[in-house]
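The lines below spell out each chain.
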Amino acid sequence: ILIMKWFYMVKKIGLFIIILLMSLCNQVTAARNDSIQFSLLTCSPGTEIYSLFGHTAIRYQNFTQRRDLVFNYGMFSFSTPNFIYRFVKGETDYQLGINTFEAFEAEYFFRGSSVYQQVLNLTHEEKLKLEELLFTNYRPENRVYRYNYFYDNCTTRARDQIERCINGAVVYITPEDSIRSFGGIVHEFTGGFEWEEFGIDLCLGSEADDRINIRKQMFSPFYMRDFANDAYILGKDGSRRPLVSRYEVVVKAEQEPLEGGFPLTPMQCSLLFLALNLVVAYLQ
């Protein structure tokens, strides 16, 4: 009888230990589920021509591994042979780069650009899939891509990677005043930069004035930010959840004042050139 009682007691203790271990495992799993966070970062415009329209990146935080990284699809090198010539021809190669958020934060703070963060409302499975997609994309054989300002840039790349990990579909709300064009959006960010705007207009041509849908408007970082704020994820089971769970400013900086450039605008130079031609024609 004593042996049976002892055996029964050991059995109960063993069962209790198993239940306790399972509970601890579930807690560890839950902690790991919550340990990864992805955010969409939007950087305010700078004063250089390549930074006039802002920038987009993806922030990856793994709290258990103490990793805080930024995946940046806007990396390029001015030392590339014939960079300007290739850029004008539309043959610029960009690549995905990774740096720490601390370095990213310091760079944009000293540049005078604020950074806005939208924490993505992803499930654990979606986070793991996005993690795999980004690190796979960072492999040397995958990280370089042919840059296209409107259709394949740092913002569209970030959006596409986020959408690929979603178990369902991302639905963007179309605003009432959604009539836009590539050229119109460009002009919103080139105020005060007359010569840069003039050069961009020459390169874009008349087709840039055609109407575009909201997906094409997402080439612009700040348009992407605004559309993401109102977007929701439509699950395969019909459920809905917002794409963004939290919005905050992670870098608050004062924009550098515009430096004085060439004193005459393109229109003024054109009028002066016309006047010169009229004077020469009159004299002849």
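Residues numbered from 1 in each chain as written. Predicted model: local features only at pLDDT ≥ 70, side-chain atom pairs only at ≥ 80, totals over all residues. Heavy atoms only, no water.

## Examining a nonpolar patch on the surface
A grouping of Met267, Leu271, Leu274 and Leu278 is seen on the molecular surface, where their side chains present a nonpolar patch of about 440 Å² in accessible area. Among the structural elements, Met267 can be located in helix α10 (residues 266–283). (Patch = residues over 30% accessible without salt bridge, like charges linked within 9 Å, V, L, I, M, F, W, Y side chains within 5 Å. Areas by Shrake-Rupley, 256 points an atom, 1.4 Å probe, with all protein chains shown as cover. Salt bridge = Lys/Arg side-chain N within 4 Å of Asp/Glu carboxyl O. Helix = DSSP H or I, 4+ residues; strand = E, 2+ residues; numbered from the N terminus.)

## A look at the state of the cysteines
Per the stated rule, a full pass over the model turns up zero disulfides. Of the cysteine sulfurs around Cys154, a residue in no disulfide, the closest is that of Cys43, at 8.6 Å. (Disulfide = S-S within 2.5 Å.)

## Some thoughts on the packing of aromatic side chains
The description of two aromatic rings rests on the distance between their centres and on the angle between their planes. For the structure shown, the criterion picks out 19 aromatic pairs. Ring centres of Tyr94 and Tyr147 lie 3.9 Å apart, and the angle between their planes is 15 degrees; on these two criteria the pair is classed as stacked. Of this pair, Tyr94 sits in strand β4 (residues 93–100) while Tyr147 is found in the loop between β6 (144–146) and α5 (154–165), placing the two residues 53 residues apart along the sequence. Counting every residue linked through ring pairs, the aromatic cluster contains Phe53, Tyr149, Phe150, Tyr151, Phe182 and Phe219. Just above the ring of Phe101 sits the side chain of Arg59; from NZ or CZ to the centre is 3.6 Å. (Phe/Tyr/Trp six-rings, centres within 6.5 Å; stacked < 30°, edge-to-face > 60°. Lys NZ or Arg CZ within 6 Å of the ring centre and 35° of its normal.)

## A word on empty space enclosed by the protein
For the structure shown, the criterion picks out one cavity of 30 Å³ or more. Where the lining of the largest cavity is concerned, the elements lending two or more residues are α5 and α9 (221–230). Top contributing element to the lining of the largest cavity by residue count: α5, with five residues. Looking at the lining of the largest cavity residue by residue, the class counts come to nine nonpolar, one polar and two charged. (1 Å grid on protein atoms, 1.4 Å probe; cavity = no way out; pocket = protein on both sides within 12 Å on 5 of 7 lines; lining within 4 Å. Points joined across faces, edges and corners; volume = space filled by probe spheres on them. Nonpolar A, V, L, I, M, F, W, Y, C, P; charged D, E, K, R; others polar.)

## Notes on helix α3 (residues 101–111)
Where α3 is concerned, the buried positions are Phe101, Phe104 and Tyr108. Projected onto a plane normal to the axis of α3, the buried residues spread over an arc of 60 degrees and lie on a single side. Within α3, the exposed residues directed more than 90 degrees away from the buried face are Glu102 and Phe110. At its buried positions, α3 is contacted by β1 (36–43), β2 (55–62), β3 (67–75), β4, β5 (115–120) and β12 (244–251). Where α3 terminates, the next one or two residues include Gly112, which has phi positive at roughly 85 degrees. (Buried < 20%, exposed > 50% of the residue type's maximum accessible area, 1.4 Å probe, protein only. Arc of directions from axis to C-beta. Contact = heavy atoms within 4.5 Å.)

## Structural notes on the packing of helix α4 (residues 124–137) against α5
Closest axis-to-axis distance for the α4/α5 pair is 8 Å, and the angle between their directions is 135 degrees. Considered as vectors, α4 and α5 are oriented oblique to each other. α5 is crossed by α4, and the crossing has right-handed handedness. Note on element contacts: α5 touches α4 through Gln161, Ile162, Arg164 and Cys165, opposite Glu126, Lys129, Leu130, Leu133, Leu134 and Asn137. (Axes fitted to C-alpha atoms, helices over the stretch in contact; angles between N-to-C directions. Parallel < 35°, antiparallel > 145°, perpendicular 65-115°, else oblique. Left-handed = near helix turned anticlockwise from the far one by under 90°.)

Shape is all these values report; function is a separate question.
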